[in-house]
Amino acid sequence: MVSDPKYPIRDVARLTGINPVTLRAWQRRYGLLKPARTEKGHRLYSEQDVSTIRHILHWLEQGVSIGQVKGLLETASPQVSGSNWEQAQSQLMDSALQLNLGRLEADLLELASLYPAELILRKVIEPWLLALAQLHRPDAQLIEQSSRALLMRLLHQLLTIKTGPVIAVARVGQVREHHAVLTQFELQGLECRSLDLGMLDPHTLPLAVGRLKFDALVLILGAGLSQSWFTEMDSVLPKRCFYTGELGTIYQQQSWLNRSYSASVSDIKREHDASFSLV
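Residues numbered from 1 in each chain as written. Predicted model: local features only at pLDDT ≥ 70, side-chain atom pairs only at ≥ 80, totals over all residues. Heavy atoms only, no water.

**Points about the pattern of salt bridges**
Moving on, step 1. Scanning the model with the defined rule gives 13 salt bridges in all.
Moving on, step 2. The shortest N-O distance in the salt bridge between glutamate 110 and arginine 29 comes to 3.1 Å. Of this pair, glutamate 110 sits in helix H6 (residues 101-114) while arginine 29 sits in helix H2 (residues 20-30), placing them 81 residues apart in sequence.
Moving on, step 3. Between aspartate 139 and arginine 137 there is a salt bridge whose closest N-O contact spans 2.6 Å.
Moving on, step 4. You can call aspartate 139 partly exposed: its relative accessible area is 24%.
Moving on, step 5. One network of salt bridges, with partners in common, ties together Glu118, Asp267 and Arg270. (Salt bridge = Lys/Arg side-chain N within 4 Å of Asp/Glu carboxyl O. Helix = DSSP H or I, 4+ residues; strand = E, 2+ residues; numbered from the N terminus. Buried < 20%, exposed > 50% of the residue type's maximum accessible area, 1.4 Å probe, protein only.)

Right, here's the structure in full:
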């Protein structure tokens, strides 16, 4: 029995983590979804549509390109070969090494329009940035800096969401600025607006909490923090505060963390959903 359409596109975005722009692209370009329409032309999705989206996500996780997914959904015993993510990393690296910034921009925008932010970051962008930082050639610094600058500019341009919870983002310890922009991009994929507070200043944080009216604070943990820092900050941080960042696992192993921690904001959504107010 086919379920009745009942979810508007924003609700589907919150249920699945796929933003409306990507959902529309999957429908228009690949025919993966066929939502109903209201009298005013707004899309309405059924439980079956939501289930299909989750099946699509499963295949994307396996490294299947969005263009190949429809065939797999329609096949009783699908076979997968190769990794779309490795190909995407290689394509970005080729463009960067050639300093072909026009092609690099087009590649990045294509990824952002067709895939969920979390997958792009984990499977392509972060490994690519790491590879750029490990280049050993005379023009390595030029390649890394120009590529990183282009990426940051594009991500700032893509931060256009106007509704949803407001999540403040701040950095502590030794952590580079681009990590905040990547976090903001991932938050947008979760249908959240974001505010970048820069490096956390414990003296001005109470003013920010009172004036900016954000729903939660995410702190990106960097290197060089001590147990006493976490203890001293406990009375300053707002109630809805979450730690994130890969280095947080080290502090967690030391039992220093006094707030909820997850490696990424997508993990925060999955593990601390109610208090993070993402759905």
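**Details of the layout of surface pockets**
Moving on, step 1. Its volume calculated, the largest pocket comes out at about 670 Å³.
Moving on, step 2. Lining the largest pocket are 26 residues, with Glu126, His178, His179, Leu182 and Glu246 sitting closest to its centre.
Moving on, step 3. Looking at the lining of the largest pocket, the elements that each hand over two or more residues are helix H7 (117-133), helix H9 (178-189), strand E6 (216-221) and helix H13 (265-271).
Moving on, step 4. Examining the composition of the lining of the largest pocket, we find that six residues originate from one element, H7, more than from any other. (1 Å grid on protein atoms, 1.4 Å probe; cavity = no way out; pocket = protein on both sides within 12 Å on 5 of 7 lines; lining within 4 Å. Points joined across faces, edges and corners; volume = space filled by probe spheres on them.)

**Quick look at the environment of isoleucine 143**
Moving on, step 1. Here isoleucine 143 shows up in helix H8 (residues 140-158).
Moving on, step 2. With a relative accessible area of 0%, isoleucine 143 lands in the buried category.
Moving on, step 3. Discounting chain neighbours no more than four positions away, the residues touching isoleucine 143 are Ala96, Leu97, Leu99, Leu132, Leu135 and Arg137. (Contact = heavy atoms within 4.5 Å.)

**Structural notes on the side chain of threonine 22**
Moving on, step 1. Position of threonine 22 relative to the elements: it lies in helix H2.
Moving on, step 2. For threonine 22, a relative accessible area of 0% corresponds to the buried category.
Moving on, step 3. Polar contacts involving the side chain of threonine 22 include one to the main-chain carbonyl oxygen of serine 113, which spans 3.4 Å.
Moving on, step 4. Contacts of threonine 22, omitting those with residues within four sequence positions, involve Ala112, Ser113, Leu114 and Tyr115. (Polar contact = N/O pair within 3.5 Å; in protein donor to acceptor, adjacent residues only side chain to side chain.)

**So, empty space enclosed by the protein**
Moving on, step 1. On inspection of all chains with the given rule, the structure shows one cavity of 30 Å³ or more.
Moving on, step 2. In this structure, the largest cavity spans a volume of roughly 70 Å³.
Moving on, step 3. For the largest cavity, the full set of lining residues is Leu108, Leu109, Ala112, Ile120, Ile125, Leu151, Leu154, Leu155, Leu158 and Phe185.
Moving on, step 4. At the level of elements, H6, H7 and H8 are the ones that each hand at least two residues to the lining of the largest cavity.

**Here we look at the sheet that holds strand E4 (residues 166-172)**
Moving on, step 1. The strand order across the open sheet formed by five strands is E5-E4-E6-E7-E8, and the pairing between neighbours is parallel. Looking along the sheet, the strands with just one partner apiece sit at the ends: strand E5 (193-199) and strand E8 (260-261).
Moving on, step 2. Its contacts with the sheet put H9 on E4, E5 and E6, and the angle it makes with E4 is roughly 160°. (Pairing = 2+ DSSP bridges. Axes fitted to C-alpha atoms, helices over the stretch in contact; angles between N-to-C directions.)

**Structural notes on the nonpolar core**
Moving on, step 1. Core analysis: the largest hydrophobic core is formed by 49 residues, its most contacted members being Leu23, Trp26, Leu60, Ile66, Ile125, Trp128 and Leu151.
Moving on, step 2. Formed by 21 residues, the second largest nonpolar core is a distinct cluster that contains Val172, Met233, Tyr251 and Leu257. (Core = buried A, V, L, I, M, F, W, Y, C linked by side-chain atoms within 4.5 Å.)

The analysis is restricted to geometry; functional conclusions fall outside its scope.
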